[in-house]
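# Results of the structural survey
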Amino acid sequence: MKVRRPANLVLRWLPEGLEVGVPGRAQWVRLSDDLRKVLDRAGDGIDLDDLAGGFGSEYEAQVRRAVTGLLRLGVLAAVDETRQVPPLWQRWGGLAQRFHIEARDVDYLVDSPRRADEAEAILAEGDAPSAFKEYADSPVVLLPRRPLPLTTPVDDVFAGRRTHRRFADVPVSLDQLGTLLFHSFAPHRFIDGGDFGVQQCRVSASAGGRHEVEAYVVVHNVTGVPPGLYHYSVVRHALELLDAEVDRARLADLTYHQEASYQGAFTVITTAVANRLAWKYRHPRAYRLWMYDAGHYGQTFALAATALGLGPFQTVAFADSRVERFLGVEPDDEFAVYLLAAGVPEEPASLLPADFAFPRPGAVR
């Protein structure tokens with residue numbers, strides 16, 4: 001019998017020693033120095049007699065028992081084993097599979113007596129991250145406090161929501177931009193969150209009401225707003241200027257020259273200030289939550305843009321590290337998650353009902 005190491009084993013160093021992830025299971029096995037040598041010598045394939053004999057006759061029985069245990073766990077595999085890695089993990093790789101396994105079946109302590117103890121420990125630790133981000137010293141463009149009414153029937157909005165890739169060279173009004181940012185990213189009201197403080201009520205759902213998503217706006221063609229890169233302050237309902245020299249060409253270099261990313265009236269790059277989540281949810285499953293939240297925000301953005309007569313676009317095809325440098329954020333604290341854009345559509349989407357017409361930009365109907 002010949003044995004081998006499986007492809008894509010994941011290992012981690014802890015203060016207690018080296019551990020290997022059991023394939024397909026949320027389980028880790030501590031590796032002694034001798035077990036590490038067994039895995040190392042197994043390589044791409046070795047006869048079991050040669051593997052066991054290589055440690056000396058006095059240890060041969062122990063090695064065979066260890067190999068049997070590692071085979072049972074899947075940390076070693078028989079060379080002639082017919083079991084195949086599922087196509088999903090062939091395509092996405094062992095690291096993605098390991099993360100998927102570790103993020104499953106987390107105990108949320110619902111109705112558990114431990115729930116209050118966990119919350120008390122988190123609060124006792126203190127150091128809660130700020131719920132809001134501001135660039136207090138930056139020049140600001142104050143946005144209109146009264147949003148435009150969204151009176152387009154909801155069934156028309158649902159029918160009209162399409163991803164647009166071609167935009168007319170027509171400016172968007174300050175009221176349209178302010179309304180879209182308000183409904184997409186700003187809190188509409190606040191409620192008492194108990195021990196965890198005041199919580200925000202936004203249109204988009206957010207895990208635990210943590211609202212880790214931030215919005216950076218690159219203005220190209222908005223009436224009353226000079227072009228440039230801004231941060232949207234949800235507290236002030238204002239655009240905080242970060243860089244007045246940003247133009248479409250800068251964005252093109254960050255987005256693989258997908259024209260829809262920068263040819264509209266404005267582009268919104270969203271980020272996750274992920275420690276707002278991690279402070280409360282301290283398990284690997286929580287890594288998924290910012291992805292869900294980014295999607296919630298993206299859909300709210302798309303529907304609100306459609307109701308305003310704008311064409312929305314969204315993509316995750318951008319160079320993460322370069323976008324984060326462009327925004328001036330530290331990726332261990334805040335990282336890029338989603339790119340949204342909007343402008344006046346060049347023409348209505350072909351899949352709309354024959355009698356559907358986009359509302360005129362800024363019009364109320």
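Structural data are supplied above this passage.
Heads up: these notes are all about the structure in this document. Remember, it's a predicted structure, so these values are computed and weren't measured experimentally.

Reading the values: rules and limits
- Residues numbered from 1 in each chain as written.
- Predicted model: local features only at pLDDT ≥ 70, side-chain atom pairs only at ≥ 80, totals over all residues.
- Heavy atoms only, no water.
- Helix = DSSP H or I, 4+ residues; strand = E, 2+ residues; numbered from the N terminus.
- Rg over C-alpha atoms; globule rule 2.2 N^0.38 Å.
- Buried < 20%, exposed > 50% of the residue type's maximum accessible area, 1.4 Å probe, protein only.
- Contact = heavy atoms within 4.5 Å.
- Areas by Shrake-Rupley, 256 points an atom, 1.4 Å probe, with all protein chains shown as cover.
- Pairing = 2+ DSSP bridges.
- Core = buried A, V, L, I, M, F, W, Y, C linked by side-chain atoms within 4.5 Å.
- Salt bridge = Lys/Arg side-chain N within 4 Å of Asp/Glu carboxyl O.
- Axes fitted to C-alpha atoms, helices over the stretch in contact; angles between N-to-C directions.
- Patch = residues over 30% accessible without salt bridge, like charges linked within 9 Å, V, L, I, M, F, W, Y side chains within 5 Å.
- Phe/Tyr/Trp six-rings, centres within 6.5 Å; stacked < 30°, edge-to-face > 60°.
- Lys NZ or Arg CZ within 6 Å of the ring centre and 35° of its normal.

### Some thoughts on the overall build of the protein chain
Along its length, the protein chain carries twelve helices and 15 strands. Taking 2.2 N^0.38 as the reference for a compact globule, 365 residues should give roughly 21 Å; the C-alpha atoms of the protein chain span a radius of gyration of 27 Å, well beyond that estimate. Based on the C-alpha atoms only, the size of the protein chain along its principal axes is roughly 85 × 50 × 40 Å. Burial statistics for the protein chain: of 365 residues in total, 45% are counted as buried. For the protein chain, the share of sequence-separated contacts (at least 6 apart) that also reach a separation of at least 24 residues comes to 73%. When the accessible surface of the protein chain is summed, it comes to about 19200 Å², and 51% of that surface belongs to carbon and sulfur atoms.

### Remarks on the pairing of strand β11 (residues 228–233)
Most of β11 sits inside the fold, with six of its six residues counted as buried. Here β11 shows no split at all, with Gly 228, Tyr 230 and Tyr 232 on one side and Leu 229, His 231 and Ser 233 on the other all buried. Two elements, β11 and strand β12 (residues 238–243), share five bridges in a ladder whose sense is antiparallel. Opposite Tyr 230, over in β12, you have Leu 241 as the bridge partner.

### Description of the nonpolar core
With 44 residues, the main nonpolar core has Leu 181, Phe 185, Tyr 232, Leu 239, Phe 266, Val 268 and Leu 310 as its most contacted residues. For this core, the secondary structure elements donating two or more residues are α8 (174–185), β10 (213–219), β11, β13 (266–272), α11 (289–307) and β15 (335–343). With seven residues, the top contributor of residues to this core is α11. The contacts of Val 268, once residues within four sequence positions are left out, are Leu 181, Phe 185, Ala 215, Tyr 216, Val 217, Phe 301, Tyr 338, Leu 339 and Leu 340.

### Side note on the pattern of salt bridges
Overall, the coordinates contain 14 salt bridges when judged by the stated rule. Two residues, Glu 19 and Arg 30, come together in a salt bridge whose shortest N-O distance is 2.8 Å. With a gap of eleven residues between them, Glu 19 in strand β3 (residues 17–21) and Arg 30 in strand β4 (residues 28–31) connect regions that are remote in the sequence. Among the ionic pairs, Arg 250 bridges to Asp 243, the shortest N-O distance being 3.8 Å.

### Points about the sheet that holds β13
As summarised here, the arrangement of the seven strands in space is β7-β12-β11-β10-β13-β15-β14, forming an open sheet in which the pairing is antiparallel. The two strands at the open ends of the sheet, each matched to only one other strand, are β7 (140–142) and β14 (311–315). Neighbour to neighbour, the strand axes of the sheet diverge by 25 degrees on average, direction disregarded. Across seven bridges, the pairing between β10 and β13 is antiparallel. In the strand pairing of β13, Ala 215 is matched with Thr 270. Sitting on the sheet, α11 touches β10, β13, β14 and β15, and the angle it makes with β15 is about 10 degrees.

### With respect to the sheet that holds strand β2 (residues 11–14)
Sheets are built from strands that pair by backbone hydrogen bonding, the pairs being arranged parallel or antiparallel. Spatially, three strands are ordered β2-β3-β4 in an open sheet, and the strand pairing comes out antiparallel. Among the strands making up the open sheet, the edge pair consists of β2 and β4. Across the sheet, the mean angle from the axis of one strand to that of its neighbour is 30 degrees, orientation sign disregarded. Note: β2 against β3, four bridges, orientation antiparallel.

### Description of unusual backbone geometry
One non-glycine residue, Asp 105, adopts positive backbone phi at about 55 degrees. Residue Asp 127 is not a glycine yet carries a positive backbone phi of 60 degrees. Checked against the element boundaries, Asp 127 lands in the loop between α6 (114–125) and β7.

### Points about a nonpolar patch on the surface
Where nonpolar side chains cluster on the molecular surface, the patch consists of Phe 99, Tyr 287, Met 291 and Tyr 292 and spans about 380 Å² of accessible area. Here Met 291 shows up in helix α11.

### Notes on the packing of aromatic side chains
Across all of its chains, the model carries seven aromatic pairs by this definition. Summarising the aromatic geometry, the rings of Tyr 287 and Trp 290 are spaced 5.6 Å apart at their centres and angled 90 degrees between planes, so their arrangement reads as edge-to-face. Here Tyr 287 falls in the partly exposed class, since its relative accessible area comes to 42%. Between Arg 41 and the ring centre of Phe 55, over which it is positioned, the NZ or CZ distance is 4.1 Å.

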